[in-house]
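Examination of the molecular architecture
Given next are the chains, with one letter for each unit.
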Amino acid sequence: MTLNTDKLLAFAKRIASHAGTIMVEAREKKGFSADYKADHELVTSTDLAIDHYLCQEIIAAYPDHRILSEESSPNLSLDAVPTWVIDPIDGTVNFAHHHRHVAVSIGLYVDGQRLLGVVYAPFLDECYWAIKGQGAYLNGERLWVADGVSLRNALVATGFPYQKNALEKLIKRVSNVLHQCQDVRRNGSAALDLCWVAAGRLQAYYESVKPWDMAAGALIAVEAGAVLGRYDEVESAWPLGINGDSLLVCAPSLYDAMQQVLVVD
């Protein structure tokens, strides 16, 4: 399938930018309500409004494409049909609490492979993007991972699940990282953590996340030179290309060492 990636990227950046405007206006006007999904996971009316906007724009522009969205179509599998994987607000808790580490994430997959990704953080005025094989960028500037940093000096990001009944291994991993690396960051947005690995602001990121959390950011990190792998077994049934189980993304020189750091009994 031949696709115009420049046109697709321009489209994704346009709708991500408008989604960011919706976020900013909703928070400035305090024009959103909040509710909870399973496992005490927060969702706001702005999540739903942006999800509706993104889906309507994609359907209008590309009626033959499919959409995998956190809020509206969470059970779609990948095949040859171009599939948009979107998260209207990655970092909903941050958004609701007026933190700035919030983003809209838009990824496009073809034949099960990442083709492009856009992550826009409106409160930081940062737009990250990548096309497969063409590098990763932040506001037009090429990105490269911070390789060659020692494990002892590595700044590592992770996240914690909404479900709190299986924290033993998580706490052991965090302890290992704190003992062997420089420090841990828990920023609250997987998409931006992946982009920050791409930008050299972090040297590693690990966490188990959903497809929409990592679809765009994973491509951006890899196109900036990061290595993507796993620190534990994949347990969920999502296709591997969008499966966020035990995700480890880091500078190449740290990959083997980080895998060892994250091994727990």
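**Considerations on the pattern of salt bridges**
On inspection of all chains with the given rule, the structure shows five salt bridges. The salt bridge partner of E57 is R14, with a shortest N-O separation of 3.2 Å. Note that E57 is positioned in helix α2 (residues 45-61) and R14 in helix α1 (residues 5-28), a separation of 43 residues in sequence. Given a relative accessible area of 44%, R14 falls into the partly exposed group. Among the ionic pairs, D183 bridges to R185, the shortest N-O distance being 3.2 Å. Residue classification places D183 among the partly exposed residues on the basis of a relative accessible area of 28%. Residue R185 is classed as partly exposed on the basis of its relative accessible area, which comes to 34%.

**Some thoughts on the packing of helix α5 (residues 190-198) against helix α6 (residues 211-223)**
At a minimum axis distance of 8 Å, the contact between α5 and α6 shows a crossing angle of 0 degrees. With respect to their mutual orientation, α5 and α6 come out roughly parallel. Residue-level inspection shows A190, A191, L194, C195 and A198 of α5 in contact with α6, the latter providing D213, M214, G217, A218, I220 and A221. Residues that form the contact of α5 with α6 fall into these classes: nine nonpolar, one polar and one charged.

**Topic: the nonpolar core**
M23, L54, W84, I86, V104 and I106 are the most contacted members of the largest nonpolar core, which has 33 residues in total. No other element matches the nine residues that α1 contributes to this core.

**Focus: the sheet that holds strand β4 (residues 83-90)**
Hydrogen bonding along the main chain pairs the strands of a sheet, whether they run parallel or antiparallel. Taken in spatial order, the seven strands make up an open sheet running β3-β4-β5-β6-β7-β8-β9, and their pairing is mixed. For this open sheet the edge positions go to β3 (66-69) and β9 (141-142), each flanked by a neighbour on one side alone. Here α6 sits on the sheet and contacts β3, β4, β5 (103-110), β6 (113-121), β7 (126-131), β8 (136-138) and β9; the angle it forms with β6, its principal contact strand, is near 100 degrees.

**A short note on the environment of T5**
Tracing the backbone shows T5 in helix α1. When the C-alpha atoms of T5 and P63 are compared, they prove to be 17 Å apart, with 58 residues separating the residues in sequence.

**Digging into α1**
The terminal C-alpha atoms of α1 lie 34 Å apart, and with 24 residues this matches the ideal 34 Å at 1.5 Å per residue to within 8%. All of the buried residues in α1 are T5, L8, L9, F11, A12, I15, A16, A19, G20, M23, A26 and R27. Residues of α1 that are buried in the fold lie against α2, β4, α3 (92-96), β5, β6 and β7. Of the residues flanking the start of α1, the one acting as N-cap is N4, its side-chain oxygen 3.3 Å from the backbone nitrogen of D6. Once α1 finishes, K30 follows within two positions and takes phi at roughly 50 degrees, a positive value.

**Structural notes on the packing of aromatic side chains**
Any two aromatic rings considered together are summarised by their centre-to-centre distance and by the angle between their planes. Within this structure, the stated rule accounts for seven aromatic pairs. A ring pair is formed by F11 and W84, whose centres lie 5.6 Å apart and whose planes are at 70 degrees; its orientation type is edge-to-face. Of the two residues, F11 is situated in helix α1 and W84 in strand β4; the sequence distance between them amounts to 73 residues. Judged by its relative accessible area of 6%, F11 falls in the buried class. Taking the centre distance of 5.9 Å and the plane angle of 20 degrees together, the rings of W129 and Y137 count as stacked. A residue is classified by how much of its surface remains accessible, and W129, at 13% relative accessible area, is buried. Using a relative accessible area of 23% as the deciding quantity, one classes Y137 as partly exposed. Ring-pair connections join several aromatic residues into one group, and the members of that group are F11, Y62 and W84. Lying over the aromatic face of W196, R201 brings its terminal NZ or CZ to 5.0 Å of the ring centre.

The rules we used
- Residues numbered from 1 in each chain as written.
- Predicted model: local features only at pLDDT ≥ 70, side-chain atom pairs only at ≥ 80, totals over all residues.
- Heavy atoms only, no water.
- Salt bridge = Lys/Arg side-chain N within 4 Å of Asp/Glu carboxyl O.
- Helix = DSSP H or I, 4+ residues; strand = E, 2+ residues; numbered from the N terminus.
- Buried < 20%, exposed > 50% of the residue type's maximum accessible area, 1.4 Å probe, protein only.
- Axes fitted to C-alpha atoms, helices over the stretch in contact; angles between N-to-C directions.
- Parallel < 35°, antiparallel > 145°, perpendicular 65-115°, else oblique.
- Contact = heavy atoms within 4.5 Å.
- Nonpolar A, V, L, I, M, F, W, Y, C, P; charged D, E, K, R; others polar.
- Core = buried A, V, L, I, M, F, W, Y, C linked by side-chain atoms within 4.5 Å.
- Pairing = 2+ DSSP bridges.
- Expected span 1.5 Å × (residues − 1).
- Polar contact = N/O pair within 3.5 Å; in protein donor to acceptor, adjacent residues only side chain to side chain.
- Phe/Tyr/Trp six-rings, centres within 6.5 Å; stacked < 30°, edge-to-face > 60°.
- Lys NZ or Arg CZ within 6 Å of the ring centre and 35° of its normal.

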